[in-house]
Amino acid sequence: VSKSSKCKRGSKKKMEGRTTITSLHPDGETKSPKGVKMTVVNQCGCYVRENIPISFKLWKKTKSTDNDADIVPKTEKEMLWADVKQHFSFLEDKEEIFKDWVMKKISISFQMFKKNLNKDYIKKGRVPDFEKHFKKQHPFWDAFVQYKLSETNEKRTAQATENASKKKHFHH
């Protein structure tokens, strides 16, 4: 038995061409063709990594947000939606429910991307190789690191951890 080293799977790449979505669930989640849900979710991650600066702290305004500059602007979100429409065809009368579902997936992708950058790089004292990965994020890296190491972020993380420990029902 050979002991080959297990390589870490890389990020999905932006897709070429178009995919037609033939049906949706009532909440907007893709139903068919088979496997299209994963394709849409993977593309959401690509759109986020390539287009949304990590300098934004939040996807949407919350009670604790006092600075609009920390929130991903509507223009950025509309640009992401335009990317989705460029790669996926769907029934026109279902656009609003599909858009709502996709935006939820993009929001999750945005949070997971930043969480993984923090876990894989900042907490380990490393810096990504911006020539190979996340080229467009390079200008925002120093501000992202500074924020992640700030007292404000530490408090927010502690509060979120405490809130999560109280949860009884998880939604995803």
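I will try to describe carefully the structure that is included in this document. (Residues numbered from 1 in each chain as written. Predicted model: local features only at pLDDT ≥ 70, side-chain atom pairs only at ≥ 80, totals over all residues. Heavy atoms only, no water.)

## Concerning the packing of aromatic side chains
Aromatic ring pairs: the centre-centre distance and the angle between the two ring planes describe each pair. Inspection of every chain in the model, using the stated rule, returns nine aromatic pairs. Three or more aromatic residues joined by ring pairs make a cluster, and in this case those are W81, F90, F98 and W101. Here the guanidinium or amino end of K57 rests over the ring plane of Y147, the centre of that ring lying 4.7 Å away. (Phe/Tyr/Trp six-rings, centres within 6.5 Å; stacked < 30°, edge-to-face > 60°. Lys NZ or Arg CZ within 6 Å of the ring centre and 35° of its normal.)

## Some details on the layout of surface pockets
It is the rolling of a water-molecule-sized probe over the atoms that shows where space remains empty. The computed volume of the second largest pocket comes to approximately 190 Å³. Lining of the second largest pocket is provided by K74, K77, E78, K99, D100, M103 and K104. Every element with two or more residues in the lining of the second largest pocket is listed here: α2 (74-87) and α3 (95-122). With four residues, α3 is the single largest residue contributor to the lining of the second largest pocket. When its residues are assigned to classes, the lining of the second largest pocket shows one nonpolar, no polar and six charged. (1 Å grid on protein atoms, 1.4 Å probe; cavity = no way out; pocket = protein on both sides within 12 Å on 5 of 7 lines; lining within 4 Å. Points joined across faces, edges and corners; volume = space filled by probe spheres on them. Helix = DSSP H or I, 4+ residues; strand = E, 2+ residues; numbered from the N terminus. Nonpolar A, V, L, I, M, F, W, Y, C, P; charged D, E, K, R; others polar.)

## Digging into the pattern of salt bridges
All chains considered together, the criterion is met by eight salt bridges. A salt bridge links E29 to K37; the shortest N-O distance between them is 3.2 Å. For the salt bridge of K61 with D68, the shortest nitrogen-to-oxygen distance reads 2.8 Å. Judged on exposure class, the residue K61 and its partner D68 are both exposed. (Salt bridge = Lys/Arg side-chain N within 4 Å of Asp/Glu carboxyl O. Buried < 20%, exposed > 50% of the residue type's maximum accessible area, 1.4 Å probe, protein only.)

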